[in-house]
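Residue strings, one per chain:
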Amino acid sequence: MKTRCKRDYFAATLALSVVLGMFSVLVMGVNAQATPGRQTDSDNLIAIDVLLEPNQAMLDKANAANARLRENYSAGYALDATHAPHVTMLQRYVRVKDLDAVTTALSKLFATERPTELQLKAKGYEYTVWSGVAVTIFVVERTPELMRLQQKVNDTVAPFSVSGGTSAAFIDTPSNSEIVGYVEQFVPKSSGEHYFPHVTLGVAHEDFVKQLKAAPFEAFAFAPKGVAVYQLGNFGTASKKLWEYQPQPLASWNEGAAKQSIVDFVKRVTTEGSPDFVPEPERIATFDNDGTLWCEEPLPVQLFFVLDRVKALAPQHPEWQTTEPFASLLKGDLKGVAAGGERALIDLVMATHAGMTTEEFEQIVNDWIATAKNPKTGRLFTEMTFQPMLELLQYLRANGFRTYIVSGGGVEFMRPWAQRVYGIPPEQVVGSSIKTKFDMRDGKPVLVRLPELDFNDNNGGKAVGINEYIGRRPIAAFGNSTGDKEMLQYTQAGSGARFELLVLHDDAVRDFAYGPARGLPSVPLVHFTPELDEYAKLNGWTVVSTKNDWKHIYAFEQLTREAGQK
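Just so it is clear, the model here is predicted, and its values are computed rather than measured.

> What exactly am I supposed to notice about the pattern of salt bridges here?
Within the structure shown, the criterion is met by 16 salt bridges. With a closest N to O distance of 2.9 Å, glutamate 452 and lysine 435 form a salt bridge. One end of the pair, glutamate 452, is in strand β12 (residues 444-455); the other, lysine 435, is in strand β11 (residues 429-441), with 17 residues separating them in the sequence. The exposure class assigned to glutamate 452 is partly exposed, which follows from its relative accessible area of 40%.

Written out as structure tokens, the structure is:
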């Protein structure tokens, strides 16, 4: 029964979202190109489609499939500017006068969600018969990231969405009135759990498409090259582009020497013919995590995780009440914990991170990071990522770099959420680790975490970790403390163009200020010393002032002066 319901739902969804949304090309011909946009007053409604524009990988596959369909059915249509392949995310009615506000809100969303970094996959062919021909599509995998973005687009446009749309909201009067109601009911009937992502390819005879679908299909990856808003035409075709999202590189960076040094370096190593040109496989950039990519005050995030784990496990360990560093941590005496140095931190990690399988630990981390908040700001830790650095990651990847995290933090603490937060997959995360062993539990093979340090990825260990786990010397490295010095030194020692950057946290209003370089406060566990500051200056490293070089620090509204003072 479940399979039948699923099949019926698929057929209904495909018939509405594909046929009503795209079959119009058979009826419209060149009409969509010839018909100008309807003249509307500001209070009138417009039917919009927020869509993903796929990259060349999808365009090549879609065009090849379209050519095969047209060979079979000559009356079909070619994919072109009017009928470009795309993945619809949302269709809604909005007021004409609100269109600028809609696109402004979407711009803010896409600046933080990074839609062009989605990793999508076409899984196979599907079709539905309409008027005797088979409308054919590539089915796109419903990844968690795509579903999350689709929901956020829904939420972003929702305040501007209105009901009561008519045929006047379209480029030309729909010859099929069902599309008017379809747009009205896109939310909830075709979004959320009912969202069916796909790319429409064209039409052909059903027998031919059946053979096409039955043949082995090699799934292929593709990505969006952009996001756009179109006005819908007859049958719901995306007929007229109204707006296209164009990300501003490093938009949250103020103009100045720091931003310019990044842009100049990237231009030098990516321009073919330049004496500093670097082939893409060698464009490796490594980033420290704590204090470089996200906030590490009033403590590094993993220590808050450790604190919560110690509290949760304390009833099983009454000896912790009098044993350091556990006793200090349970009393909230962070200075007492810091006095124990690196050994104390290792003891805490061993006691709270071991004795379970890797899968169990991953689930614990995922559950914790989903709700854990910075005690000073009340924001989720995953919201406390530095917007300028997220833009830097995106900027580098857009220019052919592979970006890696190389952190003193636990590798298995970072991997569960790094891709969602930074766009960095787990295999590109290098960090400290504890030993594991293979075991059989309930007849299943597992890896069990042991209370013994395996690798300390801090200070000189970062260079060692890069060599062991990446296998290429970076051409760019980014950090914020003495623990990152050796990584930047190792990077600079390579031949050819190199780039090194340190983040100096000197903004006490929007963020947390600490050093002790340049007279800034000294804090436990993290050190940007005057000696590091001087070394960076002598060796030509870029030092970023969060106060002067960053226009915005976080994606959410800037921290108030009161929160900064706290």
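> What am I meant to see in the sheet that holds strand β5 (residues 198-204) here?
Sheet strands pair by backbone hydrogen bonding; their relative direction is either parallel or antiparallel. Across the sheet, four strands lie side by side as β5-β4-β3-β6; this open sheet has antiparallel pairing. Looking at which strands have only one partner, the edges of the open sheet turn out to be β5 and β6 (220-222). Taken pair by pair, the neighbouring strands of this sheet meet at an average axis angle of 40 degrees, ignoring direction. Of the strands in this sheet, β3 (120-130), β4 (133-140) and β5 are in contact with helix α9 (residues 206-214), which crosses β3 at around 155 degrees.

> Explain unusual backbone geometry to me, please; I cannot follow it from the model alone.
Outside of glycine, negative phi angles account for most residues, and trans bonds account for most peptide bonds. Residue valine 187 is joined to proline 188 through a cis peptide bond whose omega torsion reads 20 degrees. Among the secondary structure elements, proline 188 is positioned in helix α8 (residues 186-189). At the junction of glycine 515 and proline 516, the peptide bond is cis and its omega measures out at 15 degrees in the coordinates. Tracing the sequence through the fold places proline 516 in the loop between β14 (499-504) and α20 (530-538). The phi dihedral of aspartate 442 falls on the positive side, at around 55 degrees, and the residue is not glycine. Within the secondary structure, aspartate 442 sits in the loop between β11 and β12. Take aspartate 442: its relative accessible area is 81%, and that puts it in the exposed class.

> Would you take a moment to explain helix α10 (residues 257-270) for this structure?
Relative to the 20 Å expected for 14 residues at 1.5 Å per residue, α10 spans 20 Å between its end C-alpha atoms, a close match to the ideal helical length. Listed in full, the buried residues belonging to α10 are Ala258, Lys259, Ser261, Ile262, Phe265, Val266 and Val269. End-on view of α10: buried residues confined to an arc of 160 degrees, all on one side of the axis. Exposed side chains of α10 directed beyond 90 degrees from the buried face belong to Ala257 and Lys267. For α10, the secondary structure elements touched by its buried residues are α16 (387-398), β13 (476-479), β14 and β15 (542-545).

> Would you explain the confidence of the model for the chain in this entry?
The predicted coordinates should not be examined in detail at positions where pLDDT is low. In this model, the chain carries a mean pLDDT of 88, and residues with pLDDT of at least 70 account for 89%. Taken as a whole, residues 1-16 scores under 50 in pLDDT and shows 18 contacts with residues more than four places along the chain or in a different chain. The low-confidence segment residues 18-40, where pLDDT is below 50, has 67 contacts with residues more than four positions distant or belonging to other chains.

> Explanation requested: the packing of aromatic side chains in the structure shown.
If you walk through the whole model with that rule in mind, you get 30 aromatic pairs. Aromatic side chains phenylalanine 478 and phenylalanine 499 sit 5.9 Å apart centroid to centroid with 50 degrees between the ring planes, which places their arrangement in the tilted category. Placement of phenylalanine 478 in strand β13 and of phenylalanine 499 in strand β14 is noted, with a sequence separation of 21 residues between them. Phenylalanine 499 matches phenylalanine 478 in its accessibility class, with the two residues each being buried. Taken together, the aromatic side chains of Trp294, Phe304, Phe305, Phe361, Trp368, Phe381, Phe413, Trp417 and Tyr422 make up a single cluster linked through ring pairs. Sitting over the face of the ring of phenylalanine 220, lysine 61 holds its NZ or CZ atom 5.3 Å from the ring centroid. For arginine 379, the ring lying beneath its charged end belongs to phenylalanine 556, and the centroid distance is 4.0 Å.

> Hey, could you run me through the nonpolar core in this one?
Nonpolar side chains tend to gather and get buried jointly when the protein is soluble and globular. Membership of the largest hydrophobic core comes to 61 residues, with the highest contact counts inside it found for Val50, Leu106, Phe110 and Val153. No other element matches the six residues that strand β1 (residues 45-54) contributes to this core. Among all residues touching phenylalanine 110, those that are not within four sequence positions of it are Val50, Met89, Pro115, Leu149, Val153, Val227, Trp243 and Tyr245.

> What exactly am I supposed to notice about a nonpolar patch on the surface here?
On the surface, Phe438, Met440 and Leu447 cluster together into a nonpolar patch covering about 310 Å² of accessible area. With respect to the element layout, leucine 447 can be found in strand β12.

> Would you explain the sheet that holds β12 in this entry?
Strand order in the open sheet formed by seven strands is β12-β11-β10-β9-β13-β14-β15, with mixed pairing between adjacent strands. With one partner strand each, in any of the chains shown, β12 and β15 form the two edges of the open sheet. If you compare each strand with its neighbour and ignore which way they point, the axes differ by 30 degrees on average. Two elements, β13 and β14, share four bridges in a ladder whose sense is parallel. Its bridge partner lying in β14, glycine 479 is registered against leucine 502. Along the sheet, helix α14 (residues 341-353) makes contact with β11 and β12, crossing β12 at roughly 165 degrees.

> Help me out: how do you make sense of the packing of helix α11 (residues 301-313) against α14 in this one?
The angle between the axes and the distance between the axes are what describe a pair of packed helices. Following both chains from N to C, one finds α11 and α14 inclined at 55 degrees, their axes separated by 9 Å at the closest point. One way to sum up the angle between α11 and α14 is to call them oblique. Our pair here, α11 against α14, has a crossing hand that is left-handed. Mapping the contact onto sequence places Gln302, Leu303, Phe305, Val306, Arg309, Val310 and Leu313 in α11 and Leu345, Leu348, Val349, Ala351, Thr352 and His353 in α14.

> So what exactly am I meant to see when it comes to the layout of surface pockets here?
Each pocket or cavity is described by its volume, and for the second largest pocket that value is around 900 Å³. Considering the residues around the second largest pocket, the lining is formed by 40 residues, among which Glu342, Leu345, Gly408, Gly409 and Asn458 are closest to the centre. Of all the secondary structure elements, the ones that give two or more residues to the lining of the second largest pocket are α11, α14, β10 (402-410), α17 (411-422), β11 and β12. Here the lining of the second largest pocket is composed, by residue class, of 15 nonpolar, 17 polar and eight charged.

> In this structure, what is going on with the packing of helix α18 (residues 460-470) against helix α19 (residues 485-492)? I would like to understand it.
The contact between α18 and α19 brings their axes to 6 Å, and the two run at 50 degrees. One element, α18, and the other, α19, form an angle in the oblique class. Crossing handedness for the pair α18 and α19: right-handed. Residue-level inspection shows Gly460, Lys462, Ala463, Ile466 and Asn467 of α18 in contact with α19, the latter providing Glu486, Met487 and Tyr490. Across the contact of α18 with α19, the residue classes break down as four nonpolar, two polar and two charged.

Basis of the calculations
Residues numbered from 1 in each chain as written. Predicted model: local features only at pLDDT ≥ 70, side-chain atom pairs only at ≥ 80, totals over all residues. Heavy atoms only, no water. Salt bridge = Lys/Arg side-chain N within 4 Å of Asp/Glu carboxyl O. Helix = DSSP H or I, 4+ residues; strand = E, 2+ residues; numbered from the N terminus. Buried < 20%, exposed > 50% of the residue type's maximum accessible area, 1.4 Å probe, protein only. Pairing = 2+ DSSP bridges. Axes fitted to C-alpha atoms, helices over the stretch in contact; angles between N-to-C directions. Contact = heavy atoms within 4.5 Å. Expected span 1.5 Å × (residues − 1). Arc of directions from axis to C-beta. pLDDT = per-residue confidence, 0-100. Phe/Tyr/Trp six-rings, centres within 6.5 Å; stacked < 30°, edge-to-face > 60°. Lys NZ or Arg CZ within 6 Å of the ring centre and 35° of its normal. Core = buried A, V, L, I, M, F, W, Y, C linked by side-chain atoms within 4.5 Å. Patch = residues over 30% accessible without salt bridge, like charges linked within 9 Å, V, L, I, M, F, W, Y side chains within 5 Å. Areas by Shrake-Rupley, 256 points an atom, 1.4 Å probe, with all protein chains shown as cover. Parallel < 35°, antiparallel > 145°, perpendicular 65-115°, else oblique. Left-handed = near helix turned anticlockwise from the far one by under 90°. 1 Å grid on protein atoms, 1.4 Å probe; cavity = no way out; pocket = protein on both sides within 12 Å on 5 of 7 lines; lining within 4 Å. Points joined across faces, edges and corners; volume = space filled by probe spheres on them. Nonpolar A, V, L, I, M, F, W, Y, C, P; charged D, E, K, R; others polar.

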